[in-house]
Amino acid sequence: MVVIRDEEWLVRSTEDTADGVAVHVQGLGELVRDTTATFYDALDDMTPLDPAEARVVADGSPRYRTARLWLESTLRKTAVPLADQSLSVATRGLADALGYQQSAVRKALDPASLRPRILLADAVGLGKTLEIGMILSELVRRGRGDRILVVTPRHVLEQMQQELWTRFALPFVRLDSAGIQRVRQKLPATRNPFTYYRRAIISIDTLKSDRYVASLRKQRWDAVVIDESHNLSNAETLNNRLARLLARTTEALILASATPHNGKADSFAELIRMLDPVAVPPNGELDRDEIRRLVIRRHRHSPEVASAVGADWAERREPNNILIPATPEENAVASELEHTWLWPGTGGSPYSGPRGTFFPWTLAKAFLSSPAALQETIDGRIERVTKDTKVPSDRAEAELRALRHLAELNERTMRTPSAKYTRLVAYLKEIGVGAGSATRAVVFAERLETLYWLHRSLPGDLGLPAGAVELMHGGLTDSDKQELIERFKQEQSAVRVLVTGDVASEGVNLHAQCHELIHYDIPWSLIRIEQRNGRIDRYGQKHPPQVTALLLDPASERFAGDVRVLAKLIEKEDEAHAALGDVASLMGRYDVKGEEEEIRAVLAGTKQLDDVLRPVAEVAAGNDVAAIFAQLFDTPGQVNEPAAAPQVGSDDGAGLYDDEVSYLEEALREAFIDPTATPARGGVGWRRDEAFGTVELTPPPDLVQRLEVLPQSYLVNRKVTERLVLATTTARGKDRLAAALRDDKGTSWPDAHYLSPLHPVLDWAADRALAALGRNEVFAVRGEVESPTVLLLGTLTNKRGQVVSTAWLTAQFPIPDDSSFALVTPHDSIRDALQVLGWTTPRANPGALATTDHLQPLIRPAVHEAAAYLEKTVFEAASRDAQQRVDAWRRKLDAWDGKTAVLIRRSEAAASRERIAEERKLTESMAPARQLVRPLLVVVPDTEGELQ
């Protein structure tokens, strides 16, 4: 603790900056309570409170409640050491503690790496968001997660925000269009918006704007998460510029992508450099050991995943490809496309545009989607040809005649039932979609006109009201998309069929109430097929996902052959899904457009399907990036071994209270005379239902402030700021989360939020409890000791103020008249120390000690003796271990720097050396630097006299 501007502050962390040492603090005094601030030693006088000068005061509270709360709050505010690989809080939220996810967290926190840097490259559906939440939780508990920025695609902002809050109790402000508007109303135009909120989630499209770049350069983050990070690898894009900027201004960096590379070594190397600038040698070659260290990659059928997910991820059924004979009218269109446009013979197609383009196949693709899509394509082309004055009139007229004839044929198909649409309606009825049924399905189509047509037609033909069939496409606003996805998750929602374009194919979870997915048209891309299928085939899916493709089968033999090519794409995606978890490597183009070009070439007859689709075995046998991934992450015994059994965390049940709710209730009883009274009568309306597993209270204004970053719709719908309801067991928390998908409130945000260790209400309670003691005071209590004993906490920190090591000690004074003689005893944990003191359970307090004068002389020698002991033993070993890691990193930088002059062009050398200089500075700041020993409690024998 420090005194700055005559107020007491709890130091949360420190860091060396260009402006001096920045001290990040939490207010403790009455005027600054619940205030966070940053002070610089060059601008303010800072007086650290000398623990050796701590004043002993007696605790007269019932059952030593005040001392217990203060001690527990101190423990909660003490960061878990950096090198501690046990999981302290990650497994204590509402996320299932699956072994493969825990191994990802441990890898991210591996102390062998100078700082947490990881590429989460797990395949679609494994729960990368949960892994992100677990990693962030551990960073927060380690004092490394005060300021966090999460960057995601726009359409999954709320989904990410909701997962981090409901599963891990990490509140983030969502800076979508509405959120940014609120910030602008609160802040002056000159204020950096990223200094206002400690934890924010924002879309990459918003953040990469030039208006935010200057603000970002001035802001440092403890952790940055960038989702869908495969969009960052092109060094010429704004996305890449943003990512490189954030990589340099954050300590922890988490990149996430199910498609982590595009097959090009230099692009993948760009991602690796963001994580660690010296992980790629100056010659640009990929280092497999560095990839192992920085990347984690599993898929549904990896041994450690398959053995963990069990019934929580039902196996996908075989693909259901339905060939649908075309109607006579549709066959007429197919024949016209075949003979006039696709394979016209010696006369060539009537297309008047540049040769070598693929407009005839655009027509074919539109036809295979729907008559409505074909009509829109024809109309658009007629308009362009009519306006194009550069095309010779004879060629233009020829194309217009052909287009109008095709339009006439297509118009006839629109006057008769469509074969594919008729089969869609029949299939939906077969699987149970209809009035009075809960069965749901998601129907994907590429063309907007097809979506509109399905949306208009399906309700009547299924006997459903209009609201039972909803449409999602790229033209909707962010909020409209989020609201629609939310409704599709709700059991009580009327939505039964979601008709959607590929805007829903990436990152959106649609599996809560749905396990049927229908490709109304088949994308000419394995990547797109995989992305679509992953919306329902993912962890948490209780029913076997069924993927169905509807394929119009014209009578024309050549066109029918094309349809069967598309059917093989569905089958190949399923094969790669099981073997690799990565379909992009089969075609090797790694982007949707590139894959479409390959399939178009196959359909045009210039390539064979086997030429563009590699067998799974061939992928692993190659020498490209895909082969490296297959060899590193899909070979048994290489990297992805089953995770070790969970280790007990440093603060897992180690405190003075049996559970979180007991601590919270005790804190409320300390803070309010009668917490069960209404706010008007000085309470918070506290109610606890132990049988049901919930508590509720009316949050005071200073607690409301901590919750206001959450979505206003959630706060209003669930009345969170009026009446905060908390689930006190994981079973009840999961029940309320599931119930939110079943109730009629129209939101999947739960009515009772799980009280996990990082919940803001517990942090609020801890801050209040820490204010119970005056400036530099320590409580004196009774316990099961033979002579006065001081409980102490020792911490070793680096130059950044991060905790390198902690130690729990007791200093016993067996000779009453000799305070210079202390027996210092180390303890493995705070629990062990409390056991020795007889303080593991609440004790009756017969009254405050009559005097503490005789205890005051014990504090200084206790602190000094404990410090001397730690310096020679525990901290010496911890310091040596930490220094060895720092030295190893320094040698790595030296080795890389030595190669730079030889292998890097002079134009790049300056930028590279600047980055390495930053790494050196960071390395030095991680070295152990400061030791602090604090007295936490003075315990005297039970026989000590009472205050009369």
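Up top is the structure these notes are about.
Residues numbered from 1 in each chain as written. Predicted model: local features only at pLDDT ≥ 70, side-chain atom pairs only at ≥ 80, totals over all residues. Heavy atoms only, no water.

1. Some thoughts on the overall build of the protein
Step number 1: Secondary structure summary: the protein contains 34 helices and 28 strands in total.
Step number 2: A compact globule built from 948 residues would reach a C-alpha radius of gyration of about 30 Å, and the protein, at 32 Å, matches this within 12%.
Step number 3: The C-alpha extent of the protein, read off along each of the three principal axes, is 115 × 70 × 55 Å.
Step number 4: In the protein, buried positions account for 59% of the 948 residues.
Step number 5: Sequence-distant contacts in the protein: of pairs separated by 6 or more residues, those separated by 24 or more amount to 76%.
Step number 6: Surface summary for the protein: the accessible area is close to 37900 Å², and the carbon and sulfur share equals 49%.
Step number 7: When the 117 positive and 135 negative side-chain charges of the protein are each reduced to one mean point, those points stand 3 Å apart. (Helix = DSSP H or I, 4+ residues; strand = E, 2+ residues; numbered from the N terminus. Rg over C-alpha atoms; globule rule 2.2 N^0.38 Å. Buried < 20%, exposed > 50% of the residue type's maximum accessible area, 1.4 Å probe, protein only. Contact = heavy atoms within 4.5 Å. Areas by Shrake-Rupley, 256 points an atom, 1.4 Å probe, with all protein chains shown as cover. Lys, Arg positive; Asp, Glu negative; His and termini not counted. Charge placed at Lys NZ, Arg CZ, Asp CG, Glu CD.)

2. Observations concerning the packing of helix H14 (residues 371–387) against helix H15 (residues 393–415)
Step number 1: Between H14 and H15, the least distance of the axes is 10 Å, while the angle of their chain directions is 160°. By the angle class used here, H14 and H15 are roughly antiparallel. As for the relative orientation of H14 and H15, their crossing is left-handed in sense. On the side of H14, the interface is formed by Pro371, Ala372, Leu374, Gln375, Ile378, Arg381, Ile382, Val385 and Thr386, while H15 contributes Ala396, Glu399, Leu400, Leu403, Arg404, Leu406, Ala407, Asn410, Thr413 and Met414.
Step number 2: Class assignment of the residues belonging to the contact of H14 with H15 gives a composition of 12 nonpolar, 4 polar and 3 charged. (Axes fitted to C-alpha atoms, helices over the stretch in contact; angles between N-to-C directions. Parallel < 35°, antiparallel > 145°, perpendicular 65-115°, else oblique. Left-handed = near helix turned anticlockwise from the far one by under 90°. Nonpolar A, V, L, I, M, F, W, Y, C, P; charged D, E, K, R; others polar.)

3. Quick look at the sheet that holds strand S10 (residues 199–203)
Step number 1: Spatially, 7 strands are ordered S9-S10-S8-S11-S12-S7-S13 in an open sheet, and the strand pairing comes out parallel. With partners counted over all chains shown, the strands left at the sheet margins are strand S9 (173–174) and strand S13 (295–296), one partner each.
Step number 2: Alignment of strand S8 (residues 148–152) against strand S11 (residues 221–226), held across 4 bridges, turns out to be parallel. Paired with Leu149 across the strands is Val224, a residue of S11. (Pairing = 2+ DSSP bridges.)

4. A few points about the sheet that holds strand S18 (residues 516–519)
Step number 1: Read from one edge to the other, the open sheet built from 6 strands follows the order S14-S19-S18-S15-S17-S16, with strand pairing classed as parallel. Single-partner strands in this sheet number two, and they are strand S14 (320–325) and strand S16 (469–472). Here the strands of the sheet are splayed against their neighbours by 20° on average, with no regard to which way each runs.
Step number 2: Bridge analysis of S16 against strand S17 (residues 497–500) gives 4 bridges, and the strand direction is parallel. The residue bridging Val469 from the neighbouring strand is Val497, located in S17.

5. Considering the pairing of strand S7 (residues 117–120)
Step number 1: Judged by which residues are buried, S7 turns out to be covered on both faces: Arg117 and Leu119 on one side and Ile118 and Leu120 on the other are all buried.
Step number 2: Bridging between S7 and strand S12 (residues 250–256) involves 4 bridges; their strand directions are parallel. Bridge assignment links Leu120 to a residue of S12, and that residue is Ala256.
Step number 3: The pairing of S7 with S13 spans 2 bridges and is parallel.

6. Quick look at the pairing of strand S22 (residues 724–727)
Step number 1: Sheet analysis places strand S21 (residues 694–697) next to S22, joined by 4 bridges and oriented antiparallel. Directly across from Glu696, in S22, lies its bridge partner Val725.
Step number 2: Pairing of S22 with strand S23 (residues 753–754) involves 2 bridges; the strand directions are parallel. Looking at S23, one finds that Ala727 is bridged to Tyr754.

7. What about helix H4 (residues 157–168)?
Step number 1: The first and last C-alpha atoms of H4 sit 16 Å apart over 12 residues, in line with the 16 Å expected at 1.5 Å per residue.
Step number 2: For H4, the buried fraction is high: 11 of the 12 residues fall into the buried class.
Step number 3: Turning to H4, its buried residues number three or more, namely Leu157, Glu158, Gln159, Met160, Gln161, Gln162, Glu163, Leu164, Trp165, Thr166 and Phe168.
Step number 4: Trailing H4 by a residue or two, Ala169 shows a phi angle of about 60°, which is positive. (Expected span 1.5 Å × (residues − 1).)

8. What about a nonpolar patch on the surface?
Step number 1: A surface patch of nonpolar side chains, amounting to about 240 Å² of accessible area, comprises Ile815, Phe821 and Leu823.
Step number 2: Note on Phe821: relative accessible area 37%, which makes it partly exposed. (Patch = residues over 30% accessible without salt bridge, like charges linked within 9 Å, V, L, I, M, F, W, Y side chains within 5 Å. Salt bridge = Lys/Arg side-chain N within 4 Å of Asp/Glu carboxyl O.)

9. Observations concerning the pattern of salt bridges
Step number 1: With the rule as written, the count across this model stands at 70 salt bridges.
Step number 2: A salt bridge links Asp743 to Arg718, with the shortest nitrogen-to-oxygen separation between them at 2.9 Å. With Asp743 in the loop between helix H29 (730–740) and S23 and Arg718 in the loop between helix H28 (712–717) and S22, this residue pair connects regions lying 25 residues apart in the sequence. Here Asp743 matches Arg718 in class, with each residue buried.
Step number 3: Between Asp735 and Arg732 there is a salt bridge; the shortest N-O distance is 2.7 Å. Taken as a pair, Asp735 and Arg732 lie in helix H29 at a separation of 3 residues, close to a single helical turn.
Step number 4: Residues participating in the shared-partner salt-bridge network are Glu72, Arg76, Arg92 and Glu660.

10. Some thoughts on the environment of Arg117
Step number 1: You can see Arg117 is positioned in strand S7.
Step number 2: Classification of Arg117 by relative accessible area gives buried; the value is 4%.
Step number 3: Not counting residues within four places of it along the chain, the set of residues in contact with Arg117 comprises Ala108, Ala247, Thr250, Glu251, Ala252, Leu253, Met274, Leu275, Leu294 and Arg915.
Step number 4: For Arg117, the side chain forms a polar contact with the main-chain oxygen of Thr250, separated by 2.7 Å.
Step number 5: Here the side chain of Arg117 touches Met274 through a polar contact of 2.8 Å, landing on its backbone oxygen. (Polar contact = N/O pair within 3.5 Å; in protein donor to acceptor, adjacent residues only side chain to side chain.)

11. Brief notes about the packing of aromatic side chains
Step number 1: A complete count under the given rule lists 11 aromatic pairs for this structure.
Step number 2: Seen from their ring centres, Trp343 and Trp361 are 5.5 Å apart, and the 80° between their planes marks the pair as edge-to-face. Taken together, the residues Trp343 in the loop between helix H12 (328–342) and helix H13 (359–369) and Trp361 in helix H13 connect sequence positions 18 residues apart. Judged on exposure class, the residue Trp343 and its partner Trp361 are both buried.
Step number 3: Judged by centre distance (5.3 Å) and plane angle (40°), the rings of Tyr421 and Trp453 are tilted. (Phe/Tyr/Trp six-rings, centres within 6.5 Å; stacked < 30°, edge-to-face > 60°.)

12. Remarks on the nonpolar core
Step number 1: Within the largest apolar cluster, 101 residues are counted, with the highest numbers of intra-cluster contacts made by Leu207, Leu246 and Val295.
Step number 2: Not counting residues within four places of it along the chain, the set of residues in contact with Leu207 comprises Leu149, Val151, Phe194, Ile202, Tyr212, Leu216, Leu242 and Leu246.
Step number 3: Counting 88 residues, the second largest nonpolar core, distinct from the first, contains Ala366, Leu403, Trp453 and Val619. (Core = buried A, V, L, I, M, F, W, Y, C linked by side-chain atoms within 4.5 Å.)

13. Here we look at empty space enclosed by the protein
Step number 1: Counted according to the given criterion, the structure contains 10 cavities of 30 Å³ or more.
Step number 2: Looking at the largest cavity, its volume works out to about 210 Å³.
Step number 3: The biggest single contributor to the lining of the largest cavity is helix H33 (residues 874–903), with 3 residues.
Step number 4: Here the residues of the lining of the largest cavity are counted per class, giving 12 nonpolar, 2 polar and 4 charged. (1 Å grid on protein atoms, 1.4 Å probe; cavity = no way out; pocket = protein on both sides within 12 Å on 5 of 7 lines; lining within 4 Å. Points joined across faces, edges and corners; volume = space filled by probe spheres on them.)

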